[in-house]
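# Structural overview
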Amino acid sequence: APKTKVTALPGDGIGPEVMDATIKILAAAEAPIEWEFAEAGAKAFERGVVTGVPRETLDSIGANKLALKSPLETPIGYGGKSANVTMRKYFELYANIRPVRELPGIQTPFSGRGIDMVIVRENVEDVYAGIEHMQTTTVAQCLKLMTAPGCERIIRAAYGVALAEERQSVTVAHKANIMKLTEGMMKRMGEKVAREFPGIKAGQVIIDNCAHQLVIRPEAYDVIVTSNMNGDIISDLAAGLVGGLGIAPSSNLGDQVAMFEAVHGSAPDIAGKDMANPTALLSASIMLLRHIGAFDVAEKVEQALFVTLAEGRNLTGDLAPRGHGVGTKAFTDQVISNLGRNSAMKSRTYK
Ligand code: NAD
Ligand code: IPM
Ligand code: MN
């Protein structure tokens, strides 16, 4: 079968460990992918690449139009740019899709409530536009940039997700009560675009109450669409409801390029210790498989993951009862040995 070329960025911290795990599982599942490895993040910064993303890496992603990316460390301090933001802006990956679903076998205070939502986060505008400077040595200024076309395409992306996954509602989460022009633009665009989709329930909520509702009755949400920084914060919160950052995947979509990654960062506290949970990146790779139309392999890998989580014997430390965690490698081997088995939890269907 013909293989699809995908750029793989092993990244920083736990990045290489979760990338290795994901690639092993996909190879065992005979995923039709040929990996092209590229560098970005800490190593690039160290050799003086100011953006953290070398030219060859941009060219590889630009040519393949697909990437699977591990977390990249963001340099701290004035002047250091985020390599992640660089790539999202360079390829105009304006839609950040972050599904949050209760998974089998993972016990949380919210288990059994049927949490199953998608956060659609605008990914290139807002305070992430990177327009920040020192006005004087004591005055810092940052611009919150939002455009009508930027709001329109992210709202449309949210309705696209709702249609593809046969979801009931799209809720715009915003801070339009305070920022009437920027956040208000997103809210009003939500109302405008909603009229084209009478079959889908349109809602709106102010972002701080959204954070509250996410904890009080998270099962009420279906698709949430929001601006960049709001989405950054509530997606970590929502991940926490269903087991934490170790399991939360995402895609970064533009009109040309799609990049898949975990929601979490480089986790320096557990890096290099065979402790990281590869579920988030593995789940991102399942989104990638569906994106390229490899639905059967996606389903096979997802079901093996569900079976492994449901068994509960080989969970990494973030999910297992204290003292009962296994390593990244042991978890990976267990997923591989479960390939071909099916769990009681069905995969979602996509149209
Ligand atoms: P983090 O997500 O790296 O870690 C937060 C906590 O979650 C830590 O306790 C960590 O051990 C745990 N955790 C994260 N992923 C895990 C996994 N797969 N398995 C088990 N536990 C996991 O957040 P942070 O510490 O705030 O950020 C560290 C660095 O990562 C920063 O430089 C940040 O800018 C960067 N970052 C990058 C990305 C990205 O590349 N997309 C995303 C977020 C943060
Ligand atoms: C994420 C991360 C990034 C963000 C950072 C690393 C730039 O937290 O993907 O959620 O803030 O978007
Ligand atoms: Mn984040």
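Note that the structure is predicted; figures quoted are calculated from it, not measured.

Attention now goes to the domain arrangement of the chain. Where the parts come together, the accessible area they lose is often given as the size of the interface. In terms of domains, the chain is made up of domain 1 (1-97 + 245-351) and domain 2 (109-241). Each of domain 1 and domain 2 has a C-alpha centre, and the two are 24 Å apart. Across the contact, 16 residues belong to domain 1 and 21 residues belong to domain 2. Mapped onto the side of domain 1 that touches domain 2, the elements with two or more residues apiece are helix 4 (83-90) and strand 4 (95-101). In terms of residue class, the side of domain 1 that touches domain 2 is made up of nine nonpolar, two polar and five charged.

In this section: the nonpolar core. The biggest cluster of nonpolar side chains holds 100 residues, and the ones touching the most others in it are Val120, Ala158 and Val223. Discounting chain neighbours no more than four positions away, the residues touching alanine 158 are Val120, Val170, Val223 and Val225.

Taken N-terminus to C-terminus, the directions of helix 5 (residues 148-164) and helix 6 (residues 182-194) make an angle of 50 degrees; their axes are 9 Å apart at the nearest point. The angle between helix 5 and helix 6 places the two elements in the oblique class. Viewed along their axes, helix 5 and helix 6 form a crossing whose handedness is right-handed. Counting all contacts with helix 5, which are made through Ala148, Cys151, Glu152, Ile155, Arg156 and Tyr159, the residues of helix 6 involved are Met185, Met186, Met189, Gly190 and Val193. Among the residues making up the contact of helix 5 with helix 6, the classes are represented as eight nonpolar, one polar and two charged.

The rules behind each value
- Residues numbered from 1 in each chain as written.
- Chains lettered and ligands numbered in written order.
- Predicted model: local features only at pLDDT ≥ 70, side-chain atom pairs only at ≥ 80, totals over all residues.
- Domains from an automatic or database assignment.
- Contact = placed C-beta atoms within 7 Å.
- Helix = DSSP H or I, 4+ residues; strand = E, 2+ residues; numbered from the N terminus.
- Nonpolar A, V, L, I, M, F, W, Y, C, P; charged D, E, K, R; others polar.
- Core = buried A, V, L, I, M, F, W, Y, C linked by C-beta atoms within 7 Å.
- Buried ≥ 20, exposed ≤ 12 C-beta atoms within 10 Å, placed from the backbone.
- Axes fitted to C-alpha atoms, helices over the stretch in contact; angles between N-to-C directions.
- Parallel < 35°, antiparallel > 145°, perpendicular 65-115°, else oblique.
- Left-handed = near helix turned anticlockwise from the far one by under 90°.

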